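Residue-level structure breakdown
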Amino acid sequence: AQTVTQSQPEMSVQEAETVTLSCTYDTSENNYYLFWYKQPPSRQMILVIRQEAYKQQNATENRFSVNFQKAAKSFSLKISDSQLGDTAMYFCAFMKHNSGGSNYKLTFGKGTLLTVNP
Amino acid sequence: GAVVSQHPSWVICKSGTSVKIECRSLDFQATTMFWYRQFPKQSLMLMATSNEGSKATYEQGVEKDKFLINHASLTLSTLTVTSAHPEDSSFYICSARVPGQGPEQYFGPGTRLTVT
């Protein structure tokens, strides 16, 4: 079974600054996907970024980037130029890379509540 | 694209009654949908995988007779909480992935269930 650990229950950052959220995971799989989702106060889950384990290059989406260290099983999220709208719960998630509907299951970490202060 | 809706957004029901929550994929056909439960300030816990035209696959510890899932069409899955009790009060979220477009799951806005 896979486990996802987010060791920072809460973090805060000043507007326009950079913050990094940490995530580690445990798996015996070699091929898999990692995701960061955000859940703002509206509670709508929004995909932030995705990383395929077979890709060495770190994924980037505008102000969001990841530091994927496969050997260390680490997958941190860096948010640059933080904005007030980034205030949300951030969840790290793992998915095995297998075909078949039931194998597209997500395993979530416990989340990190990020507050961006003006 | 990839919009998932849920109805209702919130519901209050009395203990002992049943309540149905709908999950719809609005702009794509979803052969598989997922149902999650989220307690306040906690993470999402997968309850079951809903497969169109076949029985749902439940996670360990989830009572299949209590949480009935029906995926009758390629755009609709329903979760029925039967004989609801106050401990069933929670936030229920569904998700779906777009077939052939990668592993990402797209989430509905959630349904807050309160059982009195």
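Residues numbered from 1 in each chain as written. Chains lettered and ligands numbered in written order. Predicted model: local features only at pLDDT ≥ 70, side-chain atom pairs only at ≥ 80, totals over all residues. Heavy atoms only, no water.

Overview of the overall build of chain B
Counting its regular elements, chain B contains 0 helices and 11 strands. When the elements of chain B are put in sequence order from the N terminus, they spell out β-β-β-β-β-β-β-β-β-β-β. Computed over its C-alpha atoms, the radius of gyration of chain B comes to 13 Å, within 12% of the 13 Å expected for a compact globule of 116 residues. Reported as C-alpha extents along the three principal axes, the dimensions of chain B are approximately 40 × 25 × 20 Å. A burial count over chain B gives 53% of its 116 residues as buried. When contacts within chain B are restricted to residue pairs at least 6 apart in sequence, those whose partners lie at least 24 apart make up 54%. When the accessible surface of chain B is summed, it comes to about 5,600 Å², and 52% of that surface belongs to carbon and sulfur atoms. (Helix = DSSP H or I, 4+ residues; strand = E, 2+ residues; numbered from the N terminus. Rg over C-alpha atoms; globule rule 2.2 N^0.38 Å. Buried < 20%, exposed > 50% of the residue type's maximum accessible area, 1.4 Å probe, protein only. Contact = heavy atoms within 4.5 Å. Areas by Shrake-Rupley, 256 points an atom, 1.4 Å probe, with all protein chains shown as cover.)

Focus: the pairing of strand S3 (residues 19-25) of chain B
All names here are of chain B. Residues Val19, Ile21, Cys23 and Ser25 of S3 are buried on one face, while the alternating residues Lys20, Glu22 and Arg24, pointing to the opposite face, are not. Bridging between strand S1 (residues 4-7) and S3 involves 4 bridges; their strand directions are antiparallel. Bridge pairing links Gln6 to Cys23 in S3. Pairing analysis gives 6 bridges linking S3 to strand S8 (residues 76-81), with the strands arranged antiparallel. In the strand pairing of S8, Cys23 is matched with Ser77. (Pairing = 2+ DSSP bridges.)

So, the state of the cysteines
All names here are of chain B. Applying the stated criterion across every chain yields a total of 2 disulfides over all chains. Covalent S-S linkage joins Cys23 and Cys94, the inter-sulfur distance amounting to 2.0 Å. Its torsion about the S-S bond being 85°, the disulfide of Cys23 and Cys94 is classed as right-handed. Of this pair, Cys23 sits in strand S3 while Cys94 sits in strand S9 (residues 90-97), and the two are 71 residues apart along the sequence. (Disulfide = S-S within 2.5 Å.)

What about the packing of aromatic side chains?
Evaluated as defined, the whole model comprises 14 aromatic pairs over all chains. Arranged with centres 6.3 Å apart and planes meeting at 80°, the rings of Phe68 of chain A and Phe75 of chain A form a pair that is edge-to-face. Each member of the pair, Phe68 of chain A as well as Phe75 of chain A, is classed as buried. Aromatic pair Phe108 of chain A and Phe107 of chain B: ring centres 6.2 Å apart, planes at 65°, arrangement edge-to-face. Here the residue Phe108 of chain A occupies a position in strand S11 (residues 107-108), and Phe107 of chain B occupies one in strand S10 (residues 105-107), the pair thus bridging two chains. Taking the relative accessible area as the measure of exposure, Phe108 of chain A reaches 10% and is therefore buried. One Lys or Arg, Arg43 of chain A, reaches over the ring of Phe91 of chain B and ends 3.9 Å from the middle of that ring. Here the basic side chain of Arg97 of chain B rests over the ring of Tyr104 of chain A, its NZ or CZ set 3.8 Å away from the ring centre. (Phe/Tyr/Trp six-rings, centres within 6.5 Å; stacked < 30°, edge-to-face > 60°. Lys NZ or Arg CZ within 6 Å of the ring centre and 35° of its normal.)

Quick notes on the sheet that holds S8 of chain B
Residues and elements named next belong to chain B. Taken in spatial order, the 4 strands make up an open sheet running S1-S3-S8-S7, and their pairing is antiparallel. In the strand order of this sheet, the two ends are held by S1 and strand S7 (67-73), each with one partner. When the angles between neighbouring strand axes are averaged without regard to direction, this sheet yields 20°. Where S7 meets S8, 5 bridges bridge the pair, whose relative direction is antiparallel. Note on S8: the bridge partner recorded for Ser73 is Leu76. (Axes fitted to C-alpha atoms, helices over the stretch in contact; angles between N-to-C directions.)

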